Amino acid sequence: MIDVRRIRTEYEAVRTALGRRGDGTGELARVLELDEQMRQVMQERDDIRSHVNALSKEVGQLRRDGDVAAAEAKQEESRELGERERAIAGVVDQIGEQVRELLLHIPNLPSPDAPDGAHADDNVEIKRVGPGDDPAAWADHQRVPHWDIGTELGILDLERAVKMSGAMFTMFRKQGATLARALCQLALDRNSDAFEEVRPPTVVLTETMISTGHLPKFADDAYHLERDGLWAIPTAEVPLTSLARDEILDESDLPMRLMAQTACFRREAGSAGRDTRGLLRVHEFDKVEILAYATPAQAAELHADLLARAESLIAALGLTYRVLDLCAGDLGNSSARTFDIEVYSPGVDQWLEVSSVSWFSDYQARRANIRYRSAGAKGTETAHTLNGSALAVPRVWAAVVETHRQPDGSIRIPDVLLPYFRGHTEIR
RNA sequence: GGAAAGUUGCCAGAGCGGACGAAUGGGACGGUCUCGAAAACCGUUGAGGCUUUGCGGUCUCCGAGGGUUCAAAUCCCUCACUUUCCGCCA
């Protein structure tokens with residue numbers, strides 16, 4: 001949520017920044033108008049309340065003095081004011097709700113550092129490691145899609161997953177299941193130097209989904225357990241961001257770094273028919289997320305660190321990848337700046353987005369009411385939040401299997417995963 | 001799922017219609033004393049909105065929401081959570 005005061009005081013700048021997203025600045029003018037109106041009515045309400053409070057004190061005094069007649073006169077006066085107060089207070093509340101509703105739908109301001117652009121095509125590649133999609137770099141035995149490899153080796157059983165749960169659900173078996181687990185374990189182990197491991201709930205309240213910006217705008221993308229008013233999380237970002245909701249952190253505790261492996265659930269409502277084969281787009285998958293709460297001053301350095309950590313994992317798995325600086329028009333709703341890591345996977349001959357590392361400035365923290373207090377300073381400030389996928393299983397699983405397929409059809413297990421493979425060095 | 005008790009500031013805990021944003025104790029911070037520290041003593045110590053160049057003014061918040069009243073931490077209703085007991089259970 002953007003700070004209303006910022007809309008009030010820097011209207012043009014906010015409008016211009018939002019304009020860079022390309023999807024219009026819609027209700028911004030309406031917010032400004034309602035806010036103006038609300039402050040006026042609020043002032044009026046507070047004046048009446050002040051008057052009522054004063055009268056009530058006088059009534060108390062008069063009654064103690066035994067002057068019942070005078071007290072009753074004051075009561076009558078106060079009663080009339082009370083009626084007006086109720087009416088005006090109702091208007092304030094109503095406008096307030098309207099403003100909040102509008103604000104919840106307005107996306108975050110892109111960072112000035114985010115490149116210009118309207119579409120994914122305008123994202124800026126800032127780094128490439130390995131051969132990427134150079135056709136000369138890949139052998140025929142690597143040009144087999146993971147669903148074929150998985151079936152051949154008996155490590156991926158999509159048919160039975162569909163029997164249980166329907167299309168776009170998956171099931172790993174044997175060494176395939178081991179690989180899925182090993183990837184998560186590796187991601188957690190490599191970040192345990194600086195991140196606290198958390199195992200949060202995967203089913204959460206509406207308020208928890210609102211805090212990160214997943215609701216109210218994107219309700220169609222999430223699984224909803226209506227009977228209990230709960231939502232299945234699309235990412236561990238959701239519970240981890242609410243961990244500190246409505247709390248005031250100590251500046252000395254910042255940055256606060258958390259990581260969690262959870263199942264992630266996505267309805268993929270808007271992407272029917274795309275990437276339906278194999279593991280590229282699925283309804284449920286495991287992911288290790290790394291997240292930080294920070295002061296504004298710490299944010300840039302942390303953002304770079306999260307990216308470096310996500311990147312080093314991909315590199316350690318021997319995958320070829322590129323890093324994209326997302327343009328303003330392609331940023332997620334809540335993000336001010338995002339770097340994506342895409343792995344090139346030779347079997348499917350595609351760049352796969354495997355990680356998204358974002359800085360949300362104070363957008364989520366304001367929704368979630370997460371503040372911090374500096375030693376000695378008066379009052380509190382809104383914190384910043386950042387997060388990134390350290391490792392999302394299905395696409396990385398696919399890339400590992402396709403990249404490391406040997407001429408004899410077996411899969412070489414990357415060295416960093418060997419500790420989790422009970423002595424095996426290959427999948428066959 | 002059933003029953004009982006509870007939810008007040010950083011913590012403990014009082015208050016049970018009017019002088020209560022809230023006693024008291026502890027903690028933390030600052031000061032006096034001291035070569036320094038401890039002890040003692042003094043002081044400060046919640047969050048937020050609107051307004052103001054500033055001093056300040058004003059409103060809201062005692063789990064949440066509603067109600068009664070001139071006036072609610074205090075009375076009434078609903079809900080959530082916590083603890084204990086019973087039931088069920090990986």
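Reference entry: report on the structure contained in this document. Here the residue numbering is sequential within each chain, running from 1 through the sequence in written order. Chains carry letters and ligands carry numbers; both start at the beginning, A for chains and 1 for ligands, and go up in the order they are written. In keeping with the model being predicted, local features are shown solely for residues with a pLDDT of at least 70 and side-chain atom pairs are shown and tallied solely at 80 or more, while totals for entire chains, interfaces and linings include all residues. Excluded from the side-chain calculation are hydrogens and water; included are all heavy atoms of the structure.

### What to know about the overall build of chain A
Only runs of H or I of at least four residues qualify as helices and only runs of E of at least two qualify as strands under DSSP, and these elements are numbered from the N terminus. Secondary structure summary: chain A contains twelve helices and 16 strands in total. Overall size of chain A, expressed as C-alpha extent along the three principal axes, is 100 × 45 × 40 Å. By definition, residues are in contact when any of their heavy atoms lie within 4.5 Å. For chain A, contacts bridging at least 24 residues in sequence account for 73% of all contacts bridging at least 6. Calculation of accessible area relied on Shrake-Rupley with a 1.4 Å probe; when residues are assessed, cover is drawn exclusively from the protein chains displayed. When the accessible area of chain A is evaluated, it comes to approximately 20000 Å², of which 47% is carbon and sulfur surface. For this count, His and the chain ends are skipped, Lys and Arg are scored as positive, and Asp and Glu as negative. Note that the charge is assigned to NZ on lysines, CZ on arginines, CG on aspartates and CD on glutamates. Computed over 51 positive and 70 negative side-chain charges, the inter-centroid distance for chain A is 3 Å.

### Here we look at helix α5 (residues 146–153)
Categorising residues by exposure relies on relative accessible area from a 1.4 Å probe, with only protein chains included: less than 20% of the type maximum marks a residue as buried, more than 50% marks it as exposed, and the intermediate range marks it as partly exposed. For α5, the complete set of buried residues consists of H146, W147, I149, G150 and L153. Down the axis of α5, the buried set is contained in an arc of 160°. They therefore lie on one face. One or two steps after α5, the chain reaches G154, where phi turns positive at roughly 70°. Directions pointing from the helix axis toward each C-beta atom define the arc.

### Describing the packing of aromatic side chains
Only centres within 6.5 Å qualify two rings of Phe, Tyr or Trp (six-membered ring in Trp) as a pair; their planes then separate them into stacked at under 30 degrees, edge-to-face at over 60, and tilted for everything else. With the rule as written, the count across this model stands at three aromatic pairs. Consider the rings of W138 and Y344, whose centres lie 5.8 Å apart with planes at 45°: the pair is tilted. Taken together, the residues span a long stretch of sequence, with W138 in the loop between β1 (124–129) and α5 and Y344 in strand β10 (residues 337–345) at a distance of 206 residues. With relative accessibility at 12%, the residue W138 sits in the buried group. Measuring from ring centre to ring centre gives 4.9 Å for F172 and W397, while their planes differ by 40°; the resulting arrangement is tilted. Within this pair, whereas F172 is found in the loop between α6 (158–165) and α7 (174–191), its partner W397 is found in helix α12 (residues 393–403), the two being separated by 225 residues in sequence. Relative accessible area serves as the criterion here: at 0%, W397 is assigned to the buried category. Through a chain of ring-to-ring contacts, three or more aromatic side chains come together here, namely W138, Y344 and W351.

### Description of a negative patch on the surface
On the surface, a cluster of negative charge is contributed by D250, E251, D253 and E381. Along the chain, D253 falls in the loop between β6 (248–250) and β7 (256–265). For D253, a relative accessible area of 46% translates into the label partly exposed. Patch rule: a residue counts if its relative accessible area is over 30% and it has no salt bridge; like charges are joined within 9 Å, and nonpolar side chains (Val, Leu, Ile, Met, Phe, Trp, Tyr) within 5 Å. One side-chain nitrogen of Lys or Arg within 4 Å of one carboxyl oxygen of Asp or Glu is enough to make a salt bridge.

### Quick word on the sheet that holds strand β8 (residues 284–294)
For two strands to pair, DSSP has to find at least two bridges joining them. Spatially, eight strands are ordered β1-β9-β10-β11-β14-β8-β7-β2 in an open sheet, and the strand pairing comes out mixed. Both outer strands of the open sheet, β1 and β2 (196–198), are each paired with one neighbouring strand and no more. Adjacent strand axes in the sheet meet at a mean angle of 25°, parallel and antiparallel pairs treated alike. Two elements, strand β11 (residues 350–359) and strand β14 (residues 384–392), share three bridges in a ladder whose sense is antiparallel. Paired with V357 across the bridge in β14 is G388. Angular values range over 0 to 180 degrees, each being the angle between N-to-C directions of two axes fitted as lines to C-alpha atoms, with helices fitted over their stretch in contact.

### Thoughts on the pairing of β11
Summarising the sheet, β10 and β11 pair through nine bridges and their orientation is antiparallel. Looking at the pairing, Y344 lines up with W351 of β11. Between β10 and β11, which pair antiparallel one after the other, the connecting turn spans four residues, and D349 there sits at a positive phi close to 55°.

### Some words on the state of the cysteines
Cysteine sulfur atoms that come within 2.5 Å of each other are treated as a disulfide pair. Applying the stated criterion to the full structure yields zero disulfides. For C184, which is in no disulfide, the shortest distance to another cysteine sulfur is to C264 and amounts to 9.3 Å.

### Here we look at the protein's contact with RNA strand B
Only a single heavy atom is needed: when it lies within 4 Å of a molecule or strand, its residue is near that molecule or strand. What surrounds RNA strand B is a group of 22 residues, the closest being R39, R64, S78, R79 and T380. The sugar-phosphate backbone supplies 68% of the atoms of RNA strand B found within 4 Å of the protein. Here a polar contact is taken to be a pair of N or O atoms separated by no more than 3.5 Å, where protein atoms must pair a possible hydrogen donor with a possible acceptor and residues adjacent in sequence count only if both atoms sit in side chains. Take N53: an N or O atom from its side chain is 3.2 Å from a phosphate oxygen of RNA strand B. At the level of secondary structure, the elements contributing two or more residues to the surface near RNA strand B comprise α1 (4–9), α3 (28–65), α4 (68–105) and β12 (371–373). A total of twelve residues in the surface near RNA strand B trace back to one element, the largest contributor, which is α3. Each residue receives one of three labels: charged for Asp, Glu, Lys and Arg, nonpolar for Ala, Val, Leu, Ile, Met, Phe, Trp, Tyr, Cys and Pro, and polar for the others, Gly being one of them. Residues belonging to the surface near RNA strand B are distributed by class as follows: two nonpolar, nine polar and eleven charged.

### So, the packing of helix α2 (residues 11–19) against α3
Between α2 and α3, the least distance of the axes is 11 Å, while the angle of their chain directions is 155°. Relative to α3, α2 is oriented roughly antiparallel. Note on packing geometry: the crossing formed by α2 with α3 is right-handed. Where α2 abuts α3, its residues Y11, V14, R15 and L18 lie against L28, A29 and L32. Its residues assigned to classes, the contact of α2 with α3 comprises six nonpolar, no polar and one charged. Any angle between 65 and 115 degrees counts as roughly perpendicular, while under 35 counts as roughly parallel, over 145 as roughly antiparallel, and the rest as oblique. Should the near helix be turned anticlockwise from the far one by less than a right angle, the crossing is termed left-handed; should it be turned clockwise, right-handed.

### Re the sheet that holds strand β4 (residues 224–225)
Within the open sheet, the three strands sit side by side as β3-β5-β4. Their pairing is antiparallel. In the strand order of this sheet, the two ends are held by β3 (203–205) and β4, each with one partner.

### What about the pattern of salt bridges?
Within the structure shown, the criterion is met by 30 salt bridges. A salt bridge links E76 to R79, with the nearest nitrogen and oxygen atoms 2.5 Å apart. In this pair, E76 and R79 both sit in helix α4, three residues apart, roughly one turn of the helix. The partly exposed category is assigned to E76, whose relative accessible area is 34%. E311 is paired through a salt bridge with K127; the nearest N and O atoms lie 2.5 Å apart. Placement of E311 in helix α10 (residues 296–316) and of K127 in strand β1 is noted, with a sequence separation of 184 residues between them. Look at E311 and you get buried, because its relative accessible area is 10%. One continuous salt-bridge network, built from bridges that share partners, spans E125, R128, D133, R322 and E342.

So, to be careful, I would describe these as geometric facts and stop short of saying anything about function.
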